[in-house]
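Descriptive structure summary
Single-letter residue listing:
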Amino acid sequence: MVFRGTIADASDFDPTADAEALYNAMKGIGSDKEAILDLVTSRSNAQRQEIIAAYKSNFGQDLIDDLKYELTGKFERLIVSLMRTPAYHDAKEIHDAIKGAGTNERCLIEVLASRNNKQIHDMVAAYKDAYGRDLEEDVIADTSGHFKKMLVVLLQGTRDESGVVDADLVQQDAQDLYAAGEEQWGTDEAKFIMILGNRSVTHLRMVFDEYEKIAEMSIEDSIKNELSGDFERLMLAVVQCIRSVPMFFAKRLYKSMKGLGTADNTLIRIMISRSEIDMLDIRECFRLRYEKSLYNMIKDDTSGDYKRTLLNLCGGDDDLAGEFFPEAAQIAYKMWELSAMTRVQLRPTVRPAPNFDPAADAQALRKAMKGFGTDEDAIIDIVARRSNAQRQEIRQAFKSLLGRDLMKDLKSELSKNLERLIIGLMLTPAEFDAKMMRKAMEGAGTDEHALIEILVTRSNQEIHAMNAAYQDAYKKSLEDAVQSDTSGHFCRILVSLVQGAREDGPADVERANADAQELADACNADSDDMVMKFMSILCTRSFPHLRKVFQEFVKCSNKDIEQIIKKEMSGDVKNAFYAIVRSVKNQPSYFADRLYKAMKGLGTDDRALIRIMVSRSEIDLFNIRKEFKETHDASLHEFIQVETMIGDTSGDYRKTLLILCGGED
């Protein structure tokens, strides 16, 4: 196996001299922490074991005990963990995850999904030696259901590692997984456990490709649809590790540091366990997936000697848009291939109400608004639980039966965010989009993010309907409005998108290769020419075609299109092209990210929150929810509940958003 770690054997290694250096660093009052961290992080784990033995021989003391005594906090945890062998480190992590009252399921999942057979066997033996207990028995006692069964399968360490692939068995397994899940009512979990827990990595990668052809969706999407809870998380982790262990760890590292607070145990565990295996690939995957290098994220998120030690393990900073390592280029290429193959089944959270009676709903709404005070609950329950087409029938019935304008009545009875949300739901999608475009451009400032989000994610048909609704409502063309409110290349990009003239249809392979080469060549042109070339391709080609273009771009340039956009472009132009690439790759994931940004930090961007919740509720909000949970380790439901409390004293706004959200994940 090619060495892809950042920590290797030190040359001219002398365990006795190192033992003495550590002894001197801890002698007297205070300790020389820098000397300790520099020495420990510049030796391999095998060399550290020799230092421990030399320390005991020369000074009659236990080095780990002395380090525990001299150091404190996270820095102590990190240094002491580095001194343990990989097997004993894993054993301790698992022991800590299952001892006491609660169980740290995420730690169990991470360790057992990512280790090879030998690592599992060594860990089981180390656990027995360190704690005098059987690891399998402890896991069984602490977990339950299908989650427990899969953990037990992984603990056997019997995955096929022969590398031999039987094409017939690949077909059979893909068919069996499809039959066990998507094809039937209910799920045959045992089949998932047997296949994903035992087959070889090479075999399963081929099974996943075959599965995608049969099911027209990725195995990950099927798992999200069919399974739930810790069992779902475990099976997704196994699939991610089969696809790419470095990418799995890159995601885990990102989640450990983003948001408020750092999950230090996760950060320490991964940085130690991968430093001599594949840290270079993890760094590259991190750079590929996120907007900064792993090195910079650690630097921004940690401090002191703890930070210095982690940065030594990381081993260096990566230029944001430099050349890919060969492994990372393959992963990037595969990611686009997966995106191209996946046929995501879009799932709404709001559907037409059964036994719908527009006249009864119209009367009930009138009753809720008549007299002194307003019955907000009654309004919310009707409006949020009907489809948009049904709401239009209610609007008509309200006028026909009562001679009143429902929109005017709602505006006079409701206020603030609740009013904006309810009115947004009552408008047709085209009227709502037109209004949102108008709001993004009116007044002093322009909400460029809103303009980008709407124009990038709407179909040609939706853009044409929005243009007509804008003209009707504001007696001015949307194109003219955009031109008078924006300028330069950004204006040109928006005007191109406003035409609603994006090509339809599948990828043209020959043309995709030519487009990819043109984009790669444009990266060497001056910035104006580069923007115009990117615009001529990104704003006009169909999404399936662009997936193929972006995939071939990796091959042409050994770079990822997202990284090029981030490095070579700036401002609104960068944001517009980046939004197109993200939408092409995975539109529900793009919206999940927009929702997260709307709610995180100080204050909530309620306009963005309302816009997305209203416009996606009958299209793909269920998919967005799943992506939100996957990326942010918290459900959208949970986030809305917490983030909309401020300023929503009655809770009606929050209640409506949660009905649209459609449930907890």
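In this report, the structure presented in the accompanying data block is examined. Owing to the predicted nature of the structure, the values given are computational and were not obtained by experimental measurement.

Some remarks on the side chain of Asp433
Inspection of the secondary structure assignment puts Asp433 in helix H27 (residues 429-441). In this structure Asp433 touches Ile454, Arg458 and Met466, once residues within four positions along its chain are discounted.

Overview of the pattern of salt bridges
Per the counting criterion, the structure on display carries 40 salt bridges. One salt bridge in this structure joins Lys56 and Asp62, with 3.7 Å as the shortest N-O distance. Note on Lys56: relative accessible area 47%, which makes it partly exposed. Judged by relative accessible area, which is 28%, Asp62 ranks as partly exposed. Between Glu627 and Lys224 there is a salt bridge, and its shortest N-O distance comes to 3.8 Å. Remark: Lys224 occurs in helix H14 (residues 219-226) and Glu627 occurs in helix H38 (residues 621-632); sequence separation between them is 403 residues.

Some points on the nonpolar core
Within the largest apolar cluster, 208 residues are counted, with the highest numbers of intra-cluster contacts made by Phe534 and Phe577. Those residues within four positions of Phe534 in sequence are excluded, and the remaining contacts are Leu519, Ala522, Cys523, Cys539, Ile561, Ile564, Ile565, Met569 and Phe577.

Remarks on the packing of helix H37 (residues 606-616) against helix H40 (residues 652-661)
Viewed as axis vectors pointing N to C, H37 and H40 meet at an angle of 35°, and their least axial separation amounts to 10 Å. Our pair here, H37 against H40, has a crossing hand that is left-handed. Within the contact between the two elements, H37 uses Asp606, Leu609, Ile610 and Met613 and H40 uses Tyr653, Leu657, Leu660 and Cys661. Counted by class, the contact of H37 with H40 contains seven nonpolar, no polar and one charged residues.

Structural notes on the packing of aromatic side chains
Throughout the structure, instances matching the rule amount to 13 aromatic pairs. Ring geometry for Phe534 and Phe577: centres 6.0 Å apart, planes at 50°, overall tilted. With Phe534 in helix H33 (residues 527-538) and Phe577 in helix H36 (residues 571-599), this residue pair connects regions lying 43 residues apart in the sequence. On the accessibility criterion, Phe577 (0% relative accessible area) is buried. Through successive ring pairs, a cluster of aromatic residues spans Tyr23, Tyr55 and Phe59.

Comments concerning helix H32 (residues 509-522)
Here H32 contains 14 residues, and its C-alpha end-to-end distance of 20 Å stays within 8% of the 20 Å for a straight helix at 1.5 Å per residue. Burial in H32 covers these residues: Ala512, Asp515, Ala516, Leu519, Ala520 and Ala522. Viewed along the axis of H32, the buried residues span an arc of 160°, placing them on a single side of the element. In this structure, the buried side of H32 is in contact with H33, helix H34 (543-557) and helix H35 (561-568). Taking the backbone nitrogen of Glu510 as reference, a side-chain oxygen 3.2 Å away marks Asp508 as the first, capping residue of H32.

Digging into helix H15 (residues 229-243)
Between its first and last C-alpha atoms H15 spans 21 Å; for 15 residues at 1.5 Å apiece the expected length is 21 Å, and the two agree. Judged by how many residues are buried, H15 sits mostly within the fold: 12 of 15 residues are covered. Within the sequence span of H15, burial applies to Phe231, Glu232, Leu234, Met235, Leu236, Ala237, Val238, Val239, Gln240, Cys241, Ile242 and Arg243.

Some words on the environment of Glu105
Looking at the element boundaries, Glu105 is found in helix H7 (residues 105-114). Overall, the relative accessible area of 25% leaves Glu105 in the partly exposed class. C-alpha separation for the pair Glu105 and Gly60, spaced 45 residues apart in sequence, amounts to 39 Å. Among all residues touching Glu105, those that are not within four sequence positions of it are Phe147 and Asp230.

Section: the environment of Thr656
You can see Thr656 is positioned in helix H40. Given the relative accessible area of 0%, Thr656 is considered buried. Between the C-alpha atom of Thr656 and that of Leu451, which follows or precedes it by 205 residues, the distance is 25 Å.

How each quantity is defined
- Residues numbered from 1 in each chain as written.
- Predicted model: local features only at pLDDT ≥ 70, side-chain atom pairs only at ≥ 80, totals over all residues.
- Heavy atoms only, no water.
- Helix = DSSP H or I, 4+ residues; strand = E, 2+ residues; numbered from the N terminus.
- Contact = heavy atoms within 4.5 Å.
- Salt bridge = Lys/Arg side-chain N within 4 Å of Asp/Glu carboxyl O.
- Buried < 20%, exposed > 50% of the residue type's maximum accessible area, 1.4 Å probe, protein only.
- Core = buried A, V, L, I, M, F, W, Y, C linked by side-chain atoms within 4.5 Å.
- Axes fitted to C-alpha atoms, helices over the stretch in contact; angles between N-to-C directions.
- Left-handed = near helix turned anticlockwise from the far one by under 90°.
- Nonpolar A, V, L, I, M, F, W, Y, C, P; charged D, E, K, R; others polar.
- Phe/Tyr/Trp six-rings, centres within 6.5 Å; stacked < 30°, edge-to-face > 60°.
- Expected span 1.5 Å × (residues − 1).
- Arc of directions from axis to C-beta.
- Polar contact = N/O pair within 3.5 Å; in protein donor to acceptor, adjacent residues only side chain to side chain.

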